[in-house]
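Overview (structure and organization)
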Amino acid sequence: MTTATATRSPAPAPVRDVGAPTPRDHLRHVGALVRRQALQAKGDPQSMMDALLMPIVFTLLFVYVFGGAIGADGDRDRYTDYLMPGMMAMTSIGIAMAVGTGLNEDLRTGVMDRFRALPIARSSVLVAKVVVELGRMLVAFAVLLLVGLAVGMDVDGRWAELGAAVALTALFGTSLLWIFMLLGLLLKSAQAIQGASFLALMPLQFGSSIFVPVETMPGWLEAFASVNPLSHAADAARGLMIGQGPVAQPVLWTLVWAVGLTAVTAPLAVRTFRRRT
Amino acid sequence: MTRTTNGSDLAVDVHGLVKHFGETRALDGVDLAVAEGTVHGVLGPNGAGKTTLVRCLATLLVPDAGRASVAGLDVVRQPASLRRAIGLTGQYASVDEKISGWENLYLIGRLLDLSRADARSRADALLERFSLTEAAHRPPRTYSGGMRRRLDLAASMIGRPRVLFLDEPTTGLDPRTRNEVWAEVRRLTREGTTVLLTTQYMEEAEHLAGALTVVDRGRVIAEGTVDGLKARVGGRTLEIRPADPGELHRLLGALAQSRAAGPAAPRADVAEGVVHVPVVSDAHLTDVVRLLAERGFALAGVGTHLPSLDEVFLALTGERTAPADTTAPATEEAAA
Ligand SMILES: Nc1ncnc2c1ncn2[C@@H]1O[C@H](COP(=O)(O)OP(=O)(O)OP(=O)(O)O)[C@@H](O)[C@H]1O
Ligand SMILES: [Mg+2]
């Protein structure tokens, strides 16, 4: 059978060597991929619940069970004010951890092949992922803060500072997103990522100022906790929200960690992604 | 079919393409020329290197040696532009299982730089064309295998590609869906798209492709038109199925002793319960049938057929293909 001789209706556009996508194309591609990821998230409310479950359980547990004992002069509400800023940092790490798993799943299905045969930059896929996860973090912070208000947190009119604390923690969370993305690309299976993340998470969370002031810890632990970036993030958000204690220094440290981690892990993640796909 | 030797008219132009995976030479110096606006079949058994070839041409793999261009663009040096000119349906479904069929197509449209309105109307039109309108707003994880395959095909056509790669597009489809896919491929060619398709079925190549390249273990072992290849491989075979499979050898003996045997020896296929007789002419065919009638053999079936992939391989390489693929469509038996 010969198809070459069949009459042709309008032929496809002639091919030109148009080269790589422009910055505007990049924006459009990231936008389209953000829509995809957001739809995926919408179709999977369970993952949002998972992200919120731990922080909410910890909030209730620490406020009601330990709050009376830990809070200065047995003041439960003062402890709630202490705890909530740190819980935001903890929430961001939980969400960041889940990112590696999702990415790994994408790589195993043929979807990535389809994207790679399209005229888009590889990094668009990762950037879209970061944007959507950042959105997820902000939603999670909002829910968490509502829970905090319900169990006795007092904003005391410091709404602008609260906004700054949220923004700073989100920035810190973004750097965590890149780390876990890199891990997700380096480790073979989703289980391996979860295992590795969980092992690292426990000491980092509890060896920090999230739950109790580091001064109450034994010397060796205090040494670790005071350089732990989670402590800096928690202290910075707390300083802003409560308006007591040092603010400038932890904020600066948090910025240094966030920018430093992103500067190192984001390019590494993009490079690993290019190599693996 | 006219084959253009002038490089500018070739939609796909491949010279000495080599790709290793460790010790495996998946492509071992492949040459391929596909004329613009045609359907070209790449036929080969499992592991022949078909998928590797398609992936190199679609810029998903970087070849180790050789040179390849698609729509006049080099796969290594101009991948970004090349990706605007191609569509790819891989061997395994590559749709996003979690977002709806419509969203899948809209996403690809936007990634191909269509405007919102264009991407929307293109998604609607293609869903309609592949009878997926009903399922448009369900996620593909609720689709049947054939529906998913159709969505995958639709996705590769969003950008009205100049060259479309289809890697075993109908493997695992039921005959009706397979015919739909074939019709769509023909329609695309009419619109000017060049299609390179890989297949394990001679039947598919026969239906769609003007020209064929037969590959095995990373090498091209034959190429030409479908009819030309068939001529090389041999003509019609008469297939005789005695009502009683026990009669197979008596039938073979009767044929061998008479002049109806013809120049090529008849062969019994005990497993299938049939005798194959290569026929050289209509007179020869008549002789064989007359002999069967004279000897009073009770028959369950008689038919002639063109060579199958297996027979093509047997003739071209002297070897059978990999273990019989049970999903292969049965050879159609045309009345003699
Ligand atoms: N990613 C890979 N890593 C290692 N070996 C590979 C890889 N991809 C393909 N191969 C090997 O290369 C050879 C050709 O494989 P390919 O997938 O191209 O064959 P195919 O003709 O598409 O087969 P099939 O009909 O089964 O799809 C095989 O021996 C296969 O094992
Ligand atoms: Mg294959």
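Residues numbered from 1 in each chain as written. Chains lettered and ligands numbered in written order. Predicted model: local features only at pLDDT ≥ 70, side-chain atom pairs only at ≥ 80, totals over all residues. Heavy atoms only, no water.

**Comments concerning the UniProt feature "transmembrane region" (unreviewed entry) in chain A**
UniProt feature "transmembrane region" (unreviewed entry): in the numbering of this structure it lies at residues 51–70, 82–104, 125–150, 162–186, 198–221 and 251–270 of chain A. Helix makes up 100% of residues 162–186 of chain A and strand 0%, and the two end C-alpha atoms of the span are 36 Å apart. (UniProt positions renumbered as here; feature names shortened; annotations may be inferred. Helix = DSSP H or I, 4+ residues; strand = E, 2+ residues; numbered from the N terminus.)

**Concerning the coordination of the magnesium ion (ligand 2)**
Taken together, the protein donors to the magnesium ion (ligand 2) comprise T51 of chain B (OG1) and Q91 of chain B (OE1), at separations of 1.8 to 2.1 Å. With a gap of 40 residues between them, T51 of chain B in helix α1 (residues 50–57) and Q91 of chain B in the loop between β6 (86–89) and α3 (101–111) connect regions that are remote in the sequence. (Donors = N, O, S within 2.8 Å, 3.2 Å for Na, K, Ca; no water.)

**A few points about the side chain of T174 of chain A**
Residues and elements named next belong to chain A. With respect to the helices and strands, the residue T174 is situated in helix α6 (residues 159–186). On the basis of relative accessibility, which here comes to 13%, the residue T174 falls in the buried class. Apart from the residues within four sequence positions on either side, T174 is in contact with V130, L134 and M137. (Buried < 20%, exposed > 50% of the residue type's maximum accessible area, 1.4 Å probe, protein only. Contact = heavy atoms within 4.5 Å.)

**Quick look at the site of ligand 1**
Residue and element names in this part refer to chain B. As a structural note, the neighbourhood of ligand 1 is formed by 14 residues, with N46, G47, K50, T51 and T52 the closest of them. Contact between ligand 1 and A48: an oxygen atom at 3.1 Å from a main-chain N or O atom of the residue. The fraction of the free accessible surface of ligand 1 (630 Å²) that becomes covered by protein chains is 62%. Elements with a minimum of two residues in the shell around ligand 1: β2 (24–35) and α1. Looking at which element gives the most residues to the shell around ligand 1, the answer is α1, with three residues. Residues that form the shell around ligand 1 fall into these classes: four nonpolar, eight polar and two charged. (Near = heavy atom within 4 Å. Polar contact = N/O pair within 3.5 Å; in protein donor to acceptor, adjacent residues only side chain to side chain. Areas by Shrake-Rupley, 256 points an atom, 1.4 Å probe, with all protein chains shown as cover. Nonpolar A, V, L, I, M, F, W, Y, C, P; charged D, E, K, R; others polar.)

**Considerations on the packing of aromatic side chains**
Residues and elements named next belong to chain A. For the structure on display, the rule yields eight aromatic pairs over all chains. Relative to F62, the ring of F58 has its centre 6.0 Å away and its plane inclined at 35°; by these criteria the two rings are tilted. Here the residue F58 and the residue F62 both occupy positions in helix α2 (residues 45–70), the gap between them amounting to four residues, near one helical turn. The two residues F58 and F62 agree in class, both being buried. Where F206 meets F211, the ring centres are 4.9 Å apart and the plane angle is 15°; that geometry is what we call stacked. For F206, a relative accessible area of 35% puts it in the partly exposed group. (Phe/Tyr/Trp six-rings, centres within 6.5 Å; stacked < 30°, edge-to-face > 60°.)

**Remarks on unusual backbone geometry**
Residues and elements named next belong to chain B. In the Ramachandran plot, T59 falls in the positive-phi region, its phi being about 65° despite a non-glycine side chain. Topologically, T59 is positioned in the loop between α1 and β4 (65–70). We note that D113 has phi near 70°; this positive angle belongs to a residue other than glycine. Residue placement: D113 occurs in the loop between α3 and α4 (116–129).

**Points about the packing of helix α1 (residues 23–42) of chain A against α3 of chain B**
Two numbers describe how α1 of chain A lies on α3 of chain B: the axes approach to 8 Å, and their chain directions differ by 165°. Between α1 of chain A and α3 of chain B, the angle falls in the class roughly antiparallel. α3 of chain B is crossed by α1 of chain A, and the crossing has left-handed handedness. Only W102, E103, Y106, L107, R110 and L111 of chain B of α3 of chain B make contact with α1 of chain A, whose side of the interface consists of R28, H29, A32, L33, R35, R36 and L39 of chain A. Split into classes, the residues belonging to the contact of α1 of chain A with α3 of chain B amount to seven nonpolar, one polar and five charged. (Axes fitted to C-alpha atoms, helices over the stretch in contact; angles between N-to-C directions. Parallel < 35°, antiparallel > 145°, perpendicular 65-115°, else oblique. Left-handed = near helix turned anticlockwise from the far one by under 90°.)

**Looking at the confidence of the model for chain B**
Residues and elements named next belong to chain B. For chain B, mean pLDDT is 84; residues scoring 70 or higher make up 88% of the total. At the level of individual helices and strands, chain B shows its lowest average pLDDT in helix α11 (residues 309–317), which scores 70, and its highest in α3, which scores 96. Counting interchain partners and residues more than four positions distant, the pLDDT-below-50 stretch residues 1–8 has 12 contacts. Across residues 322–336, where pLDDT falls below 50, the model places 23 contacts with residues more than four positions away in sequence or in other chains. Confidence metrics for the complex model read pTM 0.79 and ipTM 0.81. (pLDDT = per-residue confidence, 0-100.)

**Things to note about the sheet that holds strand β5 (residues 73–74) of chain B**
Residues and elements named next belong to chain B. Within the open sheet, the four strands sit side by side as β2-β1-β4-β5. Their pairing is antiparallel. In the strand order of this sheet, the two ends are held by β2 and β5, each with one partner. Here strand β1 (residues 10–21) runs beside β2; their pairing, made up of nine bridges, is antiparallel. Bridging across to β2, D13 finds its partner in A33. (Pairing = 2+ DSSP bridges.)

**Some words on a nonpolar patch on the surface**
Residues and elements named next belong to chain A. Judged by side-chain polarity, L53, V57, L60, L61, Y64, V65, F66 and I70 come together as a nonpolar surface patch covering roughly 680 Å² of accessible area. Position of L53 among the secondary structure elements: in helix α2. For L53, a relative accessible area of 54% translates into the label exposed. (Patch = residues over 30% accessible without salt bridge, like charges linked within 9 Å, V, L, I, M, F, W, Y side chains within 5 Å. Salt bridge = Lys/Arg side-chain N within 4 Å of Asp/Glu carboxyl O.)

**Focus: the environment of A123 of chain B**
Residues and elements named next belong to chain B. If you trace the backbone, A123 turns up in helix α4. Taking the C-alpha atoms as reference points, A123 and N104, 19 residues apart in sequence, are found 8.5 Å from one another. Setting aside anything within four residues of it in sequence, one finds A123 in contact with W102, L105 and Y106.

**Details of helix α6 (residues 175–190) of chain B**
Residues spaced three or four apart along an α-helix face the same direction, because each turn holds 3.6 residues. All names here are of chain B. The end-to-end C-alpha separation of α6 is 23 Å, in line with the 22 Å expected for 16 residues at 1.5 Å each. Each element contacted by the buried residues of α6 is listed here: β3 (39–43), α4, α5 (145–157), β7 (163–167), β8 (194–199) and α7 (202–208). G192 occupies a position one or two residues after α6 and carries a positive phi of about 105°. (Expected span 1.5 Å × (residues − 1).)

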